[in-house]
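# A structural walkthrough
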Amino acid sequence: MTTTHRIALAAAALLLGLTYVFPLWHISLEAPQYPEGIGMYIEIDTIRGEKPNDLDNINGLNHYIGMQRIEPDAIAELRWMPWIMGALLALGLGAAIGGRPWMLYAWAGVFLAAAVAGLVDFYLWGYDYGHNLDPTAAIQVPGMTYQPPVIGSKALLNFTAHSWPALGGWAAFAALATGLLLSALTFRRRRRPPVPASSSRRIAMMTPSTHPLFAVLLPAGLMLAGCTPGPRPVAYGEDGCAHCRMTVSDARYAAELVTTTGKTFVFDSVECLAAYVREADPEAIHSLWVTDFQRPSALVALGDVFFLRSENLKSPMGRGLTAFGPGLSPEAALNAFGGEILTWEDVLALPDPHAPHAGHRMPAAHGLHGEHGAVQRTSDGR
């Protein structure tokens, strides 16, 4: 192996260290009675709920339909997994240090066999849980089984089950892809006739995509890009607000919350988004997005907007809360619509518009404040 091949192999092996820090797999369930969903993470040595009580809730649901309880301590694979990953990491580093092609081929082959065996074992585990049902269960549907998908989504009664790799799983797949690609490049290189030294550097510069470092950088880059949650286009007239349940219809006021697991919750107004955030777990929130009033349907990251509260702007919840993006200054918004400028902290401090006696009347404007300065100005310009 060349020096760059060995560096790429070492980097691929070290990617497996992420499996000790981040979950390998994520399984979630969505249903009308669980609008926020429930789920669990499969980690290298245990299984835990996505939220504190989720694993107990899943076991409770499983009990009614006759499925076995999910007991992490009883799953032998979770005791073996840390050792298997540790061995693969050590063997990969050993192959990078040794530098022999056969070491690379052996590592990639063993890794591929372990990955296939792991996925087959995961399928069989799900098959046993979904088919081996208690005949005395409270809920029995003739011919119905409850095996979750290995990868993808599947309808189970009134639930939809989703099963996808988590960050640790994507890291393992990226390491495997790197090992297989390095093996192919090394094998092809060894079968090629020698290239004159005067030409080798020029060829390497002309074909960057065949450079060995590309083998580790591309899978790792795709892994990170694919794991970055973001907003989705709002389906106006179809999506329901996650807080007030009203249909989202005004393209000037919609907002979204994206969780760390990639789920998206849509809201019909800034007021509903704020009310929802106040009750949410901050660690579960990845990002918040609001619509730029100047550009309907354009979702902008929360940190790139300011908020105006004005009686001259009629937001869906009647609070007159409107978000403006970078194209308009706070002073210009005040001159155009009157009212007061609010920071996100000010918005969070407002009462829930759906709470009893919250009311919709606005107090007197107190001007521009927060990160935009301390300019006092009311709607008549004083």
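This text follows the structure it describes.
First, a word on what this report is: a plain description of the structure on this page. Counting from 1, residues in each chain are numbered in the order their sequence is written. Totals for whole chains, interfaces and linings use all residues, but because this is a predicted model, local features are given only for residues with pLDDT of at least 70 and pairs of side-chain atoms are given and counted only at 80 or more. With hydrogens and water set aside, each side-chain value is computed from the structure's full complement of heavy atoms.

### Observations concerning helix 1 (residues 3-15)
Only DSSP runs of H or I covering at least 4 residues are called helices, and only runs of E covering at least 2 are called strands; the numbering of each starts at the N terminus. Here the expected span of a helix is defined as 1.5 Å times the quantity of residues minus one. The end-to-end C-alpha distance of helix 1, which contains 13 residues, comes to 19 Å, matching closely the 18 Å that a straight helix rising 1.5 Å per residue would cover. Relative accessibility decides the category of a residue: with a 1.4 Å probe and only protein chains considered, values under 20% of the type maximum give buried, values over 50% give exposed, and everything between is partly exposed. What helix 1 keeps buried is the set His5, Ala8, Leu9, Ala10, Ala12, Ala13 and Leu15.

### Topic: the sheet that holds strand 6 (residues 255-259)
One bridge is not enough; two strands pair if DSSP finds at least two bridges between them. Read across the sheet, four strands follow the order 7-6-8-9 without closing on themselves; strand pairing throughout is antiparallel. Each having just a single partner strand, strand 7 (264-267) and strand 9 (299-301) make up the two edges of the open sheet. Neighbouring strand axes in the sheet, compared pairwise and without regard to direction, differ in orientation by 25° on average. With three bridges joining them, strand 8 (residues 285-291) and strand 9 adopt antiparallel strand pairing. Paired with Trp289 across the strands is Ala301, a residue of strand 9. Strands strand 6, strand 7 and strand 8 of the sheet are contacted by helix 8 (residues 270-279), whose axis makes an angle of about 165° with strand 8. Orientation is described by axes fitted as lines to C-alpha atoms, over the contacting stretch for helices, and by angles from 0 to 180 degrees between their N-to-C directions. Contacts are assigned to residue pairs with any non-hydrogen atoms lying within 4.5 Å of each other.

### What to know about the pairing of strand 10 (residues 306-309)
Residues of strand 10 alternate between two faces, with Phe306 and Leu308 on one and Phe307 and Arg309 on the opposite face, all of them buried. Taken together, the four bridges between strand 10 and strand 11 (residues 321-324) define a ladder with antiparallel strand orientation. Across the sheet, residue Phe307 finds its bridge partner in strand 11, namely Ala323. Direction of pairing for strand 10 relative to strand 12 (residues 340-342): antiparallel, over a ladder of three bridges. Residue Arg309 lies in a different strand from strand 12, and its bridge partner there is Glu340.

### Points about unusual backbone geometry
Positioned with a positive phi, Arg245 is a non-glycine residue whose angle comes to about 70°. Structurally, Arg245 is set in the loop between helix 7 (212-226) and strand 6. Owing to a relative accessible area of 53%, Arg245 belongs among the exposed residues under this scheme. Notably, Ser297 is not glycine yet its phi reads approximately 75°, a positive angle. Among the structural elements, Ser297 can be located in the loop between strand 8 and strand 9. Its relative accessible area of 43% is what places Ser297 among the partly exposed residues.

### Let's talk about the layout of surface pockets
Taken as a whole, the second largest pocket holds about 710 Å³ of empty space. What lines the second largest pocket is a set of 26 residues, and nearest its centre among them are Leu24, Met81, Gly118, Leu119 and Phe122. Sorting the residues of the lining of the second largest pocket by element identifies helix 3 (77-98), helix 4 (101-131) and helix 5 (167-191) as the ones contributing at least two each. Among the elements that take part in the lining of the second largest pocket, helix 4 stands out by supplying nine residues, more than any other. Throughout this entry, Asp, Glu, Lys and Arg are counted as charged residues, while Ala, Val, Leu, Ile, Met, Phe, Trp, Tyr, Cys and Pro are counted as nonpolar. The remaining residues, Gly among them, count as polar. Here the residues of the lining of the second largest pocket are counted per class, giving 21 nonpolar, two polar and three charged. Cavities and pockets were defined on a 1 Å grid built from protein atoms only: a cavity is a group of points that admits a 1.4 Å probe but offers it no way out, a pocket is an open group of points flanked by protein on both sides within 12 Å along at least five of seven lines, and a lining residue is one with an atom within 4 Å of any such point. Grid points are joined across faces, edges and corners, and a volume is the space filled by probe spheres set on the points.

Taken by themselves, the reported measurements are silent on function.
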